[in-house]
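# Residue-level structural notes
Residue-level listing of the chains:
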Amino acid sequence: MREEERAKSMRALITGITGQDGALLAQLLLGKGYQVFGTYRRLSTPNFWRLQHLGILSKVSLVPADLIDLASLVEAIRVSDPDEVYNLAAQSFVGASFEQPIGSGEITGLGVTRLLEAIRQTKPSVRFYQASTSELYGLNGVEGTMQSEDTPFQPSSPYAIAKLSAYWTTRVYREGYDIFAANGILFNHESPIRGLEFVTRKVTNAVARIKLGLQDSLELGNMDAKRDWGYAPEYVQSMWLMLQQDEPGDFVIATGETHSVEELCEVAFRCAELRQENYVSVDKGLLRPIDVKCLCGDSSKAERVLGWSPKVKFAELVELMVDADLRRWKRWKEGETFPWDAVNYPDDVNVVSTMKNRGG
Ligand code: NAP
Ligand code: GDD
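Residues numbered from 1 in each chain as written. Chains lettered and ligands numbered in written order. Predicted model: local features only at pLDDT ≥ 70, side-chain atom pairs only at ≥ 80, totals over all residues.

As summarised here, the arrangement of the seven strands in space is β3-β2-β1-β4-β5-β6-β11, forming an open sheet in which the pairing is parallel. Strand pairing shows two members of the sheet lacking a second neighbour, β3 (61-64) and β11 (250-253), which therefore form its edges. Pairs of neighbouring strands in the sheet enclose a mean axial angle of 20°, with direction left out of account. Direction of pairing for strand β6 (residues 180-186) relative to β11: parallel, over a ladder of four bridges. Within β11, the position partnered with L186 by the bridge is I253. (Pairing = 2+ DSSP bridges. Helix = DSSP H or I, 4+ residues; strand = E, 2+ residues; numbered from the N terminus. Axes fitted to C-alpha atoms, helices over the stretch in contact; angles between N-to-C directions.)

Along the chain, the position of M242 falls in helix α9 (residues 232-242). Setting aside residues up to four positions removed in sequence, M242 forms contacts with Y129, A182, G184, F251 and L306. (Contact = placed C-beta atoms within 7 Å.)

A word on the nonpolar core. Membership of the largest hydrophobic core comes to 95 residues, with the highest contact counts inside it found for I253 and A268. Formed jointly, this core draws a minimum of three residues from each of two domains, domain 1 (3-190 + 229-253) and domain 2 (199-227 + 258-294 + 314-350). Apart from the residues within four sequence positions on either side, I253 is in contact with G184, I185, L186, F187, Y235, S238, S299, A302 and W308. (Core = buried A, V, L, I, M, F, W, Y, C linked by C-beta atoms within 7 Å. Buried ≥ 20, exposed ≤ 12 C-beta atoms within 10 Å, placed from the backbone. Domains from an automatic or database assignment.)

Our focus in this paragraph is helix α8 (residues 199-211). Counted at 1.5 Å a residue, the expected span for α8 with its 13 residues is 18 Å, and the 18 Å between its end C-alpha atoms agrees. The element α8 is extensively covered by neighbouring structure, given that twelve of its 13 residues are classed as buried. Remark: G213 follows α8 within two positions and exhibits a positive phi of approximately 75°. (Expected span 1.5 Å × (residues − 1).)

Right, let's get into the environment of G111. Tracing the sequence through the fold places G111 in helix α6 (residues 101-122). Taking the number of C-beta atoms within 10 Å as the measure of exposure, G111 has 26 and is therefore buried. Taking the C-alpha atoms as reference, G111 lies 33 Å from L264; in sequence the two are 153 residues apart. Those residues in contact with G111 that sit more than four places away from it in its chain are L67, I68, A89 and E106.

The environment of ligand 2 is formed by 23 residues, the closest being V94, T133, V199, G221 and A225. For the shell around ligand 2, the secondary structure elements donating two or more residues are α5 (94-99) and α8. Per-class residue counts for the shell around ligand 2 are nine nonpolar, eight polar and six charged. When residues are assigned to domains, the shell around ligand 2 turns out to be shared by domain 1 (3-190 + 229-253) and domain 2 (199-227 + 258-294 + 314-350), each giving three or more. (Near = placed C-beta within 6 Å. Nonpolar A, V, L, I, M, F, W, Y, C, P; charged D, E, K, R; others polar.)

What follows is about the domain arrangement of the chain. Per the domain assignment, the segments making up the chain are domain 1 (3-190 + 229-253) and domain 2 (199-227 + 258-294 + 314-350). In this structure, domain 1 and domain 2 have C-alpha centres spaced 27 Å apart. Where the side of domain 1 that touches domain 2 is concerned, the elements lending two or more residues are α3 (49-53) and α5. Considered class by class, the residues forming the side of domain 1 that touches domain 2 number five nonpolar, seven polar and three charged.

Let's shift gears to the site of ligand 1. The immediate surroundings of ligand 1 are formed by 26 residues, with G16, G19, A89, A90 and A131 found nearest. Breaking the shell around ligand 1 down by element, the ones donating at least two residues are α2 (20-31) and β5 (127-133). In terms of residue count, the dominant contributor to the shell around ligand 1 is α2 (three residues). Taken together, the residues of the shell around ligand 1 sort by class into nine nonpolar, 14 polar and three charged.

Structural data, given as structure tokens:
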């Protein structure tokens, strides 16, 4: 069967379809002709804004499920009857994992065991993608080194520890039960629909608001941290490619460039013809108990085996995110309201916590 014909008969289940990657992957798979199912959690306020923003809400089938709840995962597999399962759901914010280490472990770690067990018991022939992360390298992420599939892991947050458990669980189900299970070890990837608490979007959103007179300062934590930031729509392609191989494997996905939070600010403010030193200050409350110093990925295996390589690099990424936020806030000033950002993150929200990472 030709590639496009095969894709048209394919069914995919995406956990975490309401998140950045879930929504972008859904868009990609729909474009290939897949029937796309996605899990969502029951919330007091529906959270489908990314799917709406991409114009795909009515094109996907939504299945209620929670990684905490095994029965809901079994049911999600039963009703979607998928060929491929992409596990993108997680408590994904590193800062929050220090405040809620047990909950993060339940969802981000043990949740993957629940999902793989649901697959093993109901449909072990599915191909499974696990959203692993460069945070696994943790304290091994130091200046002047690059991380590959062979670099030892040294996780340094409750989030990373949970993801390490999930990484190994994925390998155990691959090796022990012959399930086609792949780990994508993705480095940071961003887009205009990135959550506002992550540093790239926090900065680009603030730049746009400062430029338009809606905000006058920006407080950040560790300005020296360095990350390998790529463009999320390209990264979700690699997830799909991993599940199209003859054999399952683990792949680093990265740009191979690293930049500091300080540089991120410089570039982002410059995009709006502003100088960051006039607006940015450090709030010690936003520092994490431990922070990974420097991540820089070597994705040569992905290039060799998957034929994947990044196109959008740091400066272009920051510029496109600043542009998107400027457009969004200009429309807001002209009276247009959105079902997201402005409503969900009011300026005067009062979060009481010994750590500020949740809002940071
Ligand atoms: P995100 O925007 O925070 O999305 C996370 C998704 O998980 C949301 O749909 C969220 O649902 C869902 N979720 C949270 N708790 C859940 C639970 N208990 N049961 C079911 N669903 C739950 O994250 P992302 O940036 O798209 O990242 C996708 C995945 O890749 C995550 O596993 C993340 O850890 C991993 N990852 C991300 C990056 C990156 O740079 N983006 C890099 C490496 C790995 P709600 O909308 O209801 O909250
Ligand atoms: N969020 C945030 N807010 N981070 C800040 C701030 C701030 O005000 N100030 C400095 N930083 C620093 C953090 O301390 C960290 O060193 C860096 O900016 C990036 O932080 P995040 O954007 O929150 O991302 P992350 O690297 O911790 O985690 C993201 O990437 C991982 C892959 O490496 C998340 O997407 C994880 O889910 C993902 O696994």
